[in-house]
Amino acid sequence: MKKSKVMALLLSAAMVLGLTACGGGDTQTSSGDADAKQVDSAEGSDAADSGESAEASSENTDGEKIVLNFYEHSDNEKIANQQVEEYMKLHPEVQINLSIIANDDYDDKIKVMLAGDADIDVLWARSGNIRQMGVDGALLKLNDLIDANEVDYSLYGPMGDTCKNGDDIYGMCAKKTCWLLWYNKDLFDAAGVDLPTDITWDGFADLCQELTTDELKGGLTVNWTYLIGAQTRGEYLTDDDLTYTRKYAEFLHRIWVEDESNYSLEEMSGSFDVNGVFAEGNTYMMINGDWNFLLFPDSNPEFEWGALPLPHFEDQEVNASMGSTDALCINAKSKNAEAAFDFIKFCTYSDEGAAILAQNATVSAYPSEGALDVYNQYVDVPGTEYVFSSVCSPEDGSHPNYSEIKDAYSAEVQEYLLDNCTYDECMENFLQRREEILAK
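Residues numbered from 1 in each chain as written. Predicted model: local features only at pLDDT ≥ 70, side-chain atom pairs only at ≥ 80, totals over all residues. Heavy atoms only, no water.

**Student:** I tried to follow the packing of aromatic side chains on my own but got confused; where do I start?
**Tutor:** Both the distance between ring centres and the angle between the ring planes are used here to describe each pair of aromatic rings. Tallied over the full model, the rule gives 26 aromatic pairs. Aromatic pair W182 and W305: ring centres 5.9 Å apart, planes at 35°, arrangement tilted. With W182 in strand β9 (residues 179-184) and W305 in strand β12 (residues 305-309), this residue pair connects regions lying 123 residues apart in the sequence. Residue classification places W182 among the buried residues on the basis of a relative accessible area of 1%. For W305, a relative accessible area of 11% puts it in the buried group. When the ring of Y349 is compared with that of Y366, the centres are 4.9 Å apart and the planes differ by 55°; the resulting orientation is tilted. Taken together, the residues Y349 in the loop between α12 (337-348) and α13 (351-358) and Y366 in the loop between β15 (363-364) and α14 (369-378) connect sequence positions 17 residues apart. You can call Y349 buried: its relative accessible area is 13%. Three or more aromatic residues link up through ring pairs in this structure, and these residues are W182, F278, F293, F296, F303 and W305. (Phe/Tyr/Trp six-rings, centres within 6.5 Å; stacked < 30°, edge-to-face > 60°. Helix = DSSP H or I, 4+ residues; strand = E, 2+ residues; numbered from the N terminus. Buried < 20%, exposed > 50% of the residue type's maximum accessible area, 1.4 Å probe, protein only.)

Printed below as a string of structure tokens:
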């Protein structure tokens, strides 16, 4: 496709942001699941010029529309609606029925539905679940479709490994995330301290300790992952050498327990609102993900804020980070696999699909220069460049049971981070649990 045509389509897609894309139909309860809502997209959309777009992989010789049932979680509802609407403009021969399941219920419900006879063609999947769902036979192996459609899967980089078990591929990467260091510039200016544009984990702990007062915390390091530093190194809990896993746990123990320069695990329990606390101006810095470019404005901060590269170990370069990807997958029982693949290819492997994510302050796992321009039209906050320059290692290891291993580590290391045991004691328990999980 010529560059001018691509940019025209990108700008056209960007204009969709102003629409609350409900697909032109009424919201109703899906017959596939009592707690999912189905969004029926308009069938009468004018077809866009599709001379240079990918043709649908499957055609119905009887002249009837090809029907695809697409299941998404509620956090992606706006994006999914736009994907469906734009794809059906290009492919009027395809009808996509979108069903939305609440985010907190999605993983459990979609697994139950896949295990039964639910009529699902395309589904969203979290990175931590894709590999196991593929191994269990719930997801279609995509290798043949990828080859037939001349998809260069290597363009996803290391993130693509999260959708693979060995050489078997079970998903097309949709968006990617990375972790960053967020700052309250007003507080730094008042303290006369420069922003830490390149800082080690030890340097971050030192700075937090220096800035902490009775009224203000130096930092806020979120409590739902205890592995950020190790995973930026590409070290995972199935490795024999867990040197950086230990170093990062000891860093957390210092800022949470010893120095009390960051909010502790006890303080962050229950209904603790990470963004709300940061937005109230109670802390100089916060370690969180790039999704805050989209979410944090809702907290209405009354100060200048932005993002910087994540802290790193001394033997790492600046911009080392970790990230995750989600994916669009195909039900192994789908009767329209070729058409389903064409749809997910549009969403995850095209400039047009990347632009839809960009206008929702989301970075596509598919590299698209044009989409970066669209992203910057909608995100006007200092630090967006670090999302794209960050070199990310995947959040999860490659073992099919890695999520279970990570849960076991979290449970054990929490005892250390609550100062109830030594690190060696918590690791002794974890390694025993890891051995049992790996033996399954």
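That shown, we press on.
**Student:** For this particular structure, what's the right way to read the pairing of β12?
**Tutor:** Side-chain positions along a regular strand alternate between the two faces of the sheet. With respect to burial, β12 is a largely interior element, 5 of its 5 residues being buried. Where β9 meets β12, 5 bridges bridge the pair, whose relative direction is antiparallel. Looking at β12, one finds that L181 is bridged to L308. (Pairing = 2+ DSSP bridges.)

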